[in-house]
Every structure is written in structure tokens, then in C-alpha cells.
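Residue-level listing of the chains:
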Amino acid sequence: TPAGLTVNLTYDGSPTAPTDAGSYVLAATINEANYAGSATGTLVIAKTGATVTLDNLAPTYDGTAKVATATTTPAGLTVNLTYDGSPAAPTDADSYAIAATINEVNYAGSATGTLVIAKAGATVTLDNLAHTYDGTPKAATATTTPAGLTVNLTYDGSPAAPTDADSYVLAATINEVNYAGSATGTLVIRPANDWASWCNHYFTELEQSAGLAHDNSDPDADGWMNLAEYALGSNPRQFTPPLVPTLDSNGLALTFTRPANLPGVTYAAESSDDLDVWSPIQLDILEWGTTETVRVLDPLLRGDPSRRFLRLRFGR
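Definitions and cut-offs
- Residues numbered from 1 in each chain as written.
- Predicted model: local features only at pLDDT ≥ 70, side-chain atom pairs only at ≥ 80, totals over all residues.
- Heavy atoms only, no water.
- Helix = DSSP H or I, 4+ residues; strand = E, 2+ residues; numbered from the N terminus.
- Rg over C-alpha atoms; globule rule 2.2 N^0.38 Å.
- Buried < 20%, exposed > 50% of the residue type's maximum accessible area, 1.4 Å probe, protein only.
- Areas by Shrake-Rupley, 256 points an atom, 1.4 Å probe, with all protein chains shown as cover.
- Lys, Arg positive; Asp, Glu negative; His and termini not counted.
- Charge placed at Lys NZ, Arg CZ, Asp CG, Glu CD.
- Pairing = 2+ DSSP bridges.
- Axes fitted to C-alpha atoms, helices over the stretch in contact; angles between N-to-C directions.
- Phe/Tyr/Trp six-rings, centres within 6.5 Å; stacked < 30°, edge-to-face > 60°.
- Lys NZ or Arg CZ within 6 Å of the ring centre and 35° of its normal.

Q: Please provide a residue-by-residue account of the overall build of the protein, values included.
A: Along its length, the protein carries three helices and 25 strands. What you see for the protein is a C-alpha radius of gyration of 43 Å, clearly larger than the 20 Å of a compact globule of 316 residues, by over 25%. Its C-alpha atoms put the protein at 145 × 50 × 30 Å along the principal axes. Across the 316 residues that make up the protein, the buried fraction comes to 31%. Approximately 18100 Å² of the protein is accessible, and the part contributed by carbon and sulfur atoms is 52%. Averaging the coordinates of the 14 positive side-chain charges in the protein and doing the same for the 33 negative ones gives two points 12 Å apart.

Below, the structure is given as C-alpha cells:
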């Protein structure tokens, strides 16, 4: 003012107008023979907005650092990433807050997200599931793949290993930062092998005095006498189904399981075609262990093969 005077402009001392985003000190000086005047100010070129898109946010733990990826619009801009505030990409399974910030002279933009590193799958194998009561707690064992992982065990929901003879639902869960896995099974504690301990487990002193624990008593009325229940490892207070023979090209067979090494118990098998004359037949152990699988086979080589009966005999 007055209008139309020539003014020389400089930007941070340079007469060239700037291009990049930033703040520039502006000096304006009137260049006229008859007028003088000047002004100063700041020219601010703002950064252009850009967008950031995050990806690769759901990897699985494998022992290596997991880096999220970031793409920009326009493409190719530099992006700084932090994970829970740290620039180091994490390794362990967990959830991490991601902050992505464009680091460019002329562009600005950011995005947030969550990087979730899932636990790697692992397997649990249960063992040591069959015990005999001896008054001490009986714990199962668990091995893992990969090896050496911590496993939490519960028995019917309790972390305490049981002592009493019974069956317990076993749950095994891997307890690790970077691995997950579980297994279920059944821990069986059988009554003590000797007859007296077995009777004491299932019958009170009063019941024993009343004869309920006698060899030939049948307290659950399932057709199995106490001695047979003891010899087969079954519960005399719960129904035990009958054994059913099978017929094939080898003959008539009866298969059953029994506790191994019961002291003082004898086993015998016999066959008959008239329920009068009985002939002994052999018992064969098919599977060995704390519990044995036994088969009785009548090859039907004598008597009337169309009419045949099998029976087991127990003694002590």
C-alpha cells in the first residue's frame, strides 16, 4: 500500500519458493526508487495426508520375531512401527498394541492395531494310569511334544493326586507362554490285591460280620459272586454284565480281563455239552500288563458241537 509496488520475497533467505512441507521464514522487501517498506512472516507448507494399512497381524509362535506389515497410499512411504511402545518386533505368544506412523517429509498418517501371536500347538501323552491301592497318592505322568513343557494335571477337577481306589477323570493342560495343548484320560486305582484289603475297601466291618463279604455272596445281585468279582477286578457293589462267548472258525471263545498277579487266586475254565460232564480247557493270556486279557477257547473237537456251555471257576 500503495498498490502495485514491486516486492522482493525470500524464504529462509532464498528467493526460490519452497516445495517440501515445512516452516519457512519469509522476508518481503519493497524494491522501488521512491518507496521503502518490509514485512516478515512464516510460510507453512502442511504435510499431505496419507493412509496406512496394517497386515500380518495373526502369526503363530515359532521362536522367531513376528513383524507386522504396513502398506501406504500413496505407496512406498516409510512407516515406523512400535509394539507396546517398543520398536522391537515381539517373539512370544501374546497380544501387542501396534502403532504405525508415516515417517516422511511431505506426508503424514498413522494407524493402530493389535498383533496377536497365537500359541503353537503341542501334544500331551498320558501314562502311568493304572495303579493298585497302597495308601499313597497315585499321580499320572505326562510327556509333551515338543519335550519338556509344563503340564497341569487335575483328577476329577482337583490338582491333588488321589489315593483311594477308584476311577478318576484326568485332564492334562499345557501351561506355557508359547504352547497350547491338552489331553484327557482316566486314572484307575484298583483295590489292593489281597483279599482282606479288597473286602475292607468295599465292605464295612458290620457288613463283613453279616456275611456280605463272603466268597459266595452277591451283594449287587448281578450273578457274580464276590470271589468272581475279586478275581475279575470288578466292583461287587455295582452291576457287572455277563460274559458273552463268541463263535468263529476256531471254536467257541470267551474273553475276559483280570488284574495281574492276584495273590492266592486260581482260575480254571471248563466246557460241557450236557451241563453234567465238564472238561477242562486252556486259558491263554492275550495281553500282559497290570491288567491281563485272557481267552478261553473250546475248539469243539469232542461231544456235540451244536450244544456247548463254557464256565469259569475261581478259587482261593
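From this point, the discussion proceeds with the structure in view.
Q: Explain the sheet that holds strand E7 (residues 79-83) to me, and be specific about the residues and the numbers.
A: Spatially, E7-E8-E10 is the arrangement adopted by the three strands of the open sheet, whose pairing is antiparallel. Looking at which strands have only one partner, the edges of the open sheet turn out to be E7 and strand E10 (110-117). Put simply, the sheet's adjacent strands are angled 25 degrees from each other on average, direction ignored. Relative to strand E8 (residues 94-102), E7 runs antiparallel, the two being bridged by five bridges. Note that in E8 the partner of Thr82 across the bridge is Ala99.

Q: Give me the packing of aromatic side chains: which residues, what numbers.
A: Counted under the stated rule, the structure contains seven aromatic pairs. When the ring of Trp195 is compared with that of Tyr230, the centres are 5.1 Å apart and the planes differ by 80 degrees; the resulting orientation is edge-to-face. One end of the pair, Trp195, is in helix H1 (residues 195-202); the other, Tyr230, is in helix H3 (residues 226-232), with 35 residues separating them in the sequence. Exposure remark for Tyr230: the relative accessible area of 2% places this residue in the buried category. Arranged with centres 5.8 Å apart and planes meeting at 85 degrees, the rings of Tyr267 and Phe314 form a pair that is edge-to-face. Here the residue Tyr267 occupies a position in strand E21 (residues 266-272), and Phe314 occupies one in strand E25 (residues 309-315), the gap between them amounting to 47 residues. Its end group placed over the ring of Tyr267, Arg258 keeps NZ or CZ at 4.4 Å from the ring centre. The ring centre of Trp278 lies 3.9 Å from the NZ or CZ of Arg311, which sits over that ring.

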